[in-house]
Amino acid sequence: MSVALRNAQRAVPVRRAPLRRAVYALRAALGASRFDVGLVCASNALMQRLNGVYRHCPEPTDVLSFPFHQVEAGELPRPCCRGDYNLGDIFLGVEYIHQQCRETGEDFDDVLTVTAAHGLCHLLGYRHDTKPEWERAGCAGAGESVWCPAWGGPEAPVTGTGVRPLLTAAAPADVPEGGANPGGAEPPHRLPLAAPHRRPLLRDEGQRLRRCRPGRGVEMAAQGRGGRCAPALPLLLGLAALALPPSRAAASEPPPAALRAGHAASSLPAAAAASRARYLLYDVNPPEGFNLRRDVYIRIASLLKTLRKSENWVLVLPPWGHLYHWQSPDILQVRIAWSEFFDIPSLNKNIPVIEYEQFLAESGGPFIEQVYVLQGYAEGWKEGTWEEKIDEKPCIDQLMYSKDKHGYYRGWFWGYEETRGLNASCLSVQGSASIVAPILLKNTSAQSVMLDRAENLLHDHYGGKDYWNTRRSMVFAKHLRVVGDKFRKKYLQSTDQADRTLYKEDWTQMKVKTGTALGGPYLGVHLRRRDFVWGHREDVPSLQGAVKKIHSLLEMLKLEKVFVATDAVEEEIELLKKLLPEMVRFEPSLEELKLYKDGGLAVIDQWICAHARYFIGTSVSTFSFRIHEEREILGFDPKTTYNRFCGETEKNCEQPAHWKIVY
């Protein structure tokens, strides 16, 4: 989750980027990467005011922590809803810390990191409420620090009434850039400074305050006065050490065999497995849909297996969001984790993968060292002279990334606006995915590399064992499968036992003989509409033509129900209901739509279609292709799977090819 940082003072220049990276690393070391954290860089006046209001000790201090949860020392909070994924806010007395560093000669940035670690520990329940605890923690020897008797005893819960005066306080004006703002320091922002427990920093995607239970009191463990003391000094120093960026080792020279597109990741040498991980990230052309992106994942997985023959690479899963076909109103669908739609442990049985949030924690912050934008060749492809090649070339189109004042590249980055690219360039590519491996192994030593426009890469082994292993590992998230199974049972009289579609959670143990699956007593239909109709006028039927074919199949198969997955507009849906009274659809409530999102609805539709007695889809639709694959995994007869609708004017209605599963 995010680290929100605000500079609410102008006395001391603060380098926010290094501080943010340090807090990401500290949070990861504490095992709290899933939780938001807010930081405010405050002046002596503000810290004195906060210290006086909440701790009855009106003196400036180095750190005040305001936890969102009440937990025992070392325990992580147990959120009850999404808004509870919040550790709280830390107010850093940067002016106070800077004054101390001038007196002691310590490095200001290093001390700021240690103090932030101190604050994080307090958010997780570590305390020094009594003088003996304070002395044991090492605070007594920290400079001018003194014990404030008013601190003794646990703090009382603070209600909204007790903090009203803070709601009107305003942050100082911006600091002009230049001499007073050296070393990449960012100026403070004009922001209203609200009470800490009111969540002034961390807002959800809809800019609503992140609180699930309005009005509840929040225990204020506002610790401070004594800087660099910690609940346990060794713990604090260890955390601070983890926040420092380790030196980057030079990339090892890979053996020639490592550059060949490989199959099993188990061929990774032991030395590579023990080395520091490198991260591979990727993105796809924005207009591309959910199901083509799943296909691109298979291509990138093959590249990762090739890379892992030489070095320890990990694939970072690109968050979902802003897909063209996800058009449900009033639902903001960005920064969606893969775990919302797929089973992450299953993916990891094929290749090592992590969510983007975990990458932020492990890598120390929202920075990608190298961004490669994949493109074709300016001269195009000459017919009859196909060859696989890759070269670093000038960008053909304008980069979708812009440099900010610090020289970092800003872009879409899956909706994570705080993410920055350190370097960006273009690669002209023509060939399969693993052709990129020599570039990543030899031409760059960047720890994190992103391939944008990854759909330009082709499959290494389409339809082979490597392809099917990756495809089989893409197991749908269990909560979505459960929803689909309950719907099948309730509305379609379909169960795994009766349909002979028993499913094993471990995909590596699921090897079903083709033709053994029977399927539920219903016809499965995928009917693609909207923009697809205009792009495929000849091979997509009218609604009347599709209904005619459906009735024909129902009669032939002696079935009475048909499940329809479609993106048809409301007017077409109403027409289908009149023409096809046998139709059954999964129609979620608004609450279910918000929970599952459009991607989850697509998964549920595909899961139900995959269990039908007979399936018919839409020509060249990746949605239908994914259902073909799911049915192949379940063991259906190809004759009941690889079927499509024909257009009324289509002369040669060729049916989909059977891509047989390979184990």
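Provided above is the structure to which this section pertains.
Model, not experiment: these values are computed from the prediction.

Chemist: Even after reading the chapter, I still don't get the layout of surface pockets, so can you show me in this structure?
Modeler: Any empty space left between the atoms is revealed when a probe the size of a water molecule rolls over them. If you add up the space inside the second largest pocket, you get close to 1200 Å³. Lining of the second largest pocket is provided by 39 residues; of these, His325, Arg530, Thr566, Asp567 and Asp598 occupy positions nearest its centre. Those elements giving two or more residues to the lining of the second largest pocket turn out to be helix 8 (290-307), helix 15 (531-535), strand 19 (562-566), helix 17 (570-579), helix 18 (590-610) and helix 19 (622-634). In terms of residues, the lining of the second largest pocket owes the most to one element, helix 18, which gives five residues. Partitioning the lining of the second largest pocket into residue classes produces 19 nonpolar, nine polar and 11 charged.

Chemist: Got a minute to help me understand the side chain of Arg293 in this structure?
Modeler: Turning to its location among the elements, Arg293 is positioned in helix 8. Polar side-chain contacts of Arg293 include one of 3.1 Å to the backbone oxygen of Pro286. One polar contact links the side chain of Arg293 to the main-chain carbonyl oxygen of Glu288, over a distance of 2.9 Å. The residues contacting Arg293, other than those within four sequence positions of it, are Tyr282, Asp283, Val284, Asn285, Pro286, Glu288, Trp320 and Leu323.

Chemist: Any chance you could explain the pattern of salt bridges here in plain terms?
Modeler: In a structure, side chains of opposite charge can pair up when their charged atoms sit close to one another. All told, the structure shown has 24 salt bridges when counted by the stated rule. When the shortest N-O distance is used, the salt bridge between Asp506 and Lys349 registers 3.2 Å. With Asp506 in the loop between helix 14 (496-499) and strand 18 (520-527) and Lys349 in the loop between helix 9 (344-348) and strand 9 (353-355), this residue pair connects regions lying 157 residues apart in the sequence. Owing to a relative accessible area of 45%, Lys349 belongs among the partly exposed residues under this scheme.

Chemist: Quick question: what am I supposed to make of unusual backbone geometry here?
Modeler: Phi at Arg500 is positive, roughly 60°, even though this residue is not glycine. Within the chain, Lys558 stands out as a residue other than glycine whose phi angle is a positive 60°. Tracing the chain through its elements places Lys558 in the loop between helix 16 (543-557) and strand 19. A residue is classified by how much of its surface remains accessible, and Lys558, at 73% relative accessible area, is exposed.

Chemist: How do you make sense of the state of the cysteines when you look at a structure like this?
Modeler: Between two cysteines, a covalent bond joining their sulfur atoms is known as a disulfide. One pass over the structure, following the stated rule, counts two disulfides. With its sulfur 1.9 Å from that of its partner, Cys395 forms a disulfide with Cys426. Judged by the sign of its S-S torsion, about 100°, the bond between Cys395 and Cys426 is right-handed. One end of the pair, Cys395, is in the loop between strand 12 (389-393) and strand 13 (402-403); the other, Cys426, is in strand 16 (residues 424-430), and 31 residues separate them in sequence. Residue Cys395 is classed as partly exposed on the basis of its relative accessible area of 33%. Put simply, Cys646 and Cys653 are joined by a disulfide, and their sulfur atoms are 1.6 Å apart. On the S-S bond that ties Cys646 to Cys653, the torsion sits near -80°, and the link is left-handed.

Chemist: I keep staring at the sheet that holds strand 18 and nothing clicks. Help me out?
Modeler: Hydrogen bonding along the main chain pairs the strands of a sheet, whether they run parallel or antiparallel. Across the sheet, which stays open at both edges, the four strands sit in the order 20-19-18-21 with parallel pairing between neighbours. Of all strands in the sheet, those bounded by a partner on one side alone are strand 20 (583-584) and strand 21 (612-616). Examined bridge by bridge, strand 18 and strand 19 share five bridges and lie parallel to one another. Each residue of the ladder has a partner; that of Gly524, found in strand 19, is Phe563. In the packing of helix 16 onto the sheet, the strands contacted are strand 18, strand 19 and strand 21, and the crossing angle to strand 18 comes to about 160°. Sitting on the sheet, helix 18 is in contact with strand 18, strand 19 and strand 21, with an inclination near 145° to strand 19.

About the criteria used
Residues numbered from 1 in each chain as written. Predicted model: local features only at pLDDT ≥ 70, side-chain atom pairs only at ≥ 80, totals over all residues. Heavy atoms only, no water. 1 Å grid on protein atoms, 1.4 Å probe; cavity = no way out; pocket = protein on both sides within 12 Å on 5 of 7 lines; lining within 4 Å. Points joined across faces, edges and corners; volume = space filled by probe spheres on them. Helix = DSSP H or I, 4+ residues; strand = E, 2+ residues; numbered from the N terminus. Nonpolar A, V, L, I, M, F, W, Y, C, P; charged D, E, K, R; others polar. Polar contact = N/O pair within 3.5 Å; in protein donor to acceptor, adjacent residues only side chain to side chain. Contact = heavy atoms within 4.5 Å. Salt bridge = Lys/Arg side-chain N within 4 Å of Asp/Glu carboxyl O. Buried < 20%, exposed > 50% of the residue type's maximum accessible area, 1.4 Å probe, protein only. Disulfide = S-S within 2.5 Å. Pairing = 2+ DSSP bridges. Axes fitted to C-alpha atoms, helices over the stretch in contact; angles between N-to-C directions.

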